[in-house]
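These are the residues of each chain, in order.
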Amino acid sequence: MHDNRLITEARLDRFVAEFLSPALYRRVSALDVSAFEVDGEPIPAAAAIGADYHPIALPHRWGRPWSTVWFRGSGFVPAEWFDTSGSLPDGTRIELVVDLGFFGDRPGFQAEGLGYLPDGTILKAVSPRASYLPWQGAAGSPIDVYVEAAANPDVAGEYDFLPTPFGARETAPDAPLYTMRAFSVALLDETVWELTRDVWTLDGLMRELGADNPRRHHILRALERMMDIADPQDIAGTAAAARAEIAHVLTSPAHPSSHDIVAIGHAHIDSAWLWPFRETIRKCARTFSNVVALMDEHPEFRFACSSAQQLKWVKDFYPDLFARIKEKVATGQFIPVGGMWVEPDINMPGGEAMARQFVAGKRFFLEELGVDTLEVWVPDTFGYSAALPQIIAASGSKWFVTQKISWNQTNQMPHHTFLW
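Since we're looking at a predicted model, the values are computed, not measured.

The rules behind each value
Residues numbered from 1 in each chain as written. Predicted model: local features only at pLDDT ≥ 70, side-chain atom pairs only at ≥ 80, totals over all residues. Heavy atoms only, no water. Pairing = 2+ DSSP bridges. Helix = DSSP H or I, 4+ residues; strand = E, 2+ residues; numbered from the N terminus. Axes fitted to C-alpha atoms, helices over the stretch in contact; angles between N-to-C directions. Contact = heavy atoms within 4.5 Å. Buried < 20%, exposed > 50% of the residue type's maximum accessible area, 1.4 Å probe, protein only.

Focus on the sheet that holds strand β3 (residues 54-56)
Part 1 of the reasoning: If you walk across this open sheet you meet the 6 strands as β3-β2-β5-β10-β7-β8, and the pairing is antiparallel. Two strands lie at the open edges of the sheet, namely β3 and β8 (122-126), each paired on one side alone. Strand-to-strand, the axes of this sheet are offset by a mean angle of 30 degrees, without reference to chain direction.
Part 2 of the reasoning: Two strands pair when backbone bridges link them, and strand β7 (residues 112-116) and strand β10 (residues 142-150) are joined in this way by 5 bridges, in the antiparallel orientation. By the bridge assignment, E112 is partnered in β10 with A150.
Part 3 of the reasoning: In the packing of helix α6 (residues 277-297) onto the sheet, the strands contacted are β5 (68-76), β7, β8 and β10, and the crossing angle to β8 comes to about 110 degrees.

So, the sheet that holds strand β9 (residues 132-134)
Part 1 of the reasoning: Read from one edge to the other, the open sheet built from 4 strands follows the order β1-β12-β6-β9, with strand pairing classed as antiparallel. Each edge of the open sheet carries a strand with a single partner, namely β1 (25-30) and β9. With direction set aside, neighbouring strand axes in the sheet form an average angle of 30 degrees.
Part 2 of the reasoning: Note that strand β6 (residues 92-99) and β9 share 3 bridges and pair antiparallel. What sits directly across from E95, in β9, is P134.

Quick notes on unusual backbone geometry
Part 1 of the reasoning: The step from L58 to P59 runs through a cis peptide bond, and the omega angle for that step is 0 degrees.
Part 2 of the reasoning: Note on placement: P59 falls in the loop between β3 and β4 (60-62).
Part 3 of the reasoning: Notably, W66 is not glycine yet its phi reads approximately 70 degrees, a positive angle.
Part 4 of the reasoning: The topology assignment puts W66 in the loop between β4 and β5.
Part 5 of the reasoning: Owing to a relative accessible area of 3%, W66 belongs among the buried residues under this scheme.
Part 6 of the reasoning: A positive phi angle, close to 60 degrees, is found at Y159, a residue other than glycine.
Part 7 of the reasoning: Turning to its location among the elements, Y159 is positioned in the loop between β10 and β11 (178-180).

Here you go:
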């Protein structure tokens, strides 16, 4: 049989980029945009929201490295999107689309933003993979929203760690880094969005399977039939049929000897790495506001958070968000793990320092969230003290979770699970 696998995979890439992704929004209407540039370090939301903003036209260059610019989007929900009964078309919802000038889809080492209502309520963050803010409003109702945008430079690059002047505001060039391209109200087609997620999932699975695995080819042929059904000129009208065509390969179980995997959301945020502490604090607010927003929309979603220090920052600087987190802890959706104050290095510190990590961390989780964490969570340490097992046992914890032992080049660890 002729192998056209590479041709079909290339066709899929083009279909997603040129037809499927552009069909996510049925209607888009630009908002009026104004800006306020912070002089120096970030300021509280209350001060920024009450500042003087000046109108700007998009595209708009902004963002000296490590600076902060607040953008305000204002306008109205287009009345023509609603029917005579005041309802949106079935299977649609309103979102505010914000493009700060994102490049690629890697979050963390580029522009980031946090959305606010005029009263200071946090909506959620905007980033390359989630560049929208939720919005609800009747036909013709006003829109007024703020985004605190951080012009964080890409200091990681390709993780080559070459010297760079962008590591600090004092040494970085003055030229703006980003071009804001969009601040709009849009009508999301939920069926098209669901099709994009189905295709993303299957495409990712397919490319991980070996060429000799029959499942890879079953998925490819299903995706090929899906593209035959989806009309490039009418994605919205054919998305439901396209989803039905690939449903069977999404629900097809793995072979009987495969592992069962349970996926829990997590964000490994380095408390101190290639950015200042104040940016770690804002990253925590962006990340945690995103996950609690997802929990509101999807009650089955679970997220594990491992650092007491990061939650303490949120409590101190974003008390309303911390209150929302406590509510999600009570429902079992936001799951504190780890029991330590931070995810520390456990190679160089002495036993006393590690013991204090547990004393301070477990106390915070118990007193603030009512949770006694029973696992030790250190996925990003490059060494393991021989004192750790007795300290873990003395803390009342039961399990140890890590993954850097898999990186060993000289003394390779022979086990994935073991009694220490």
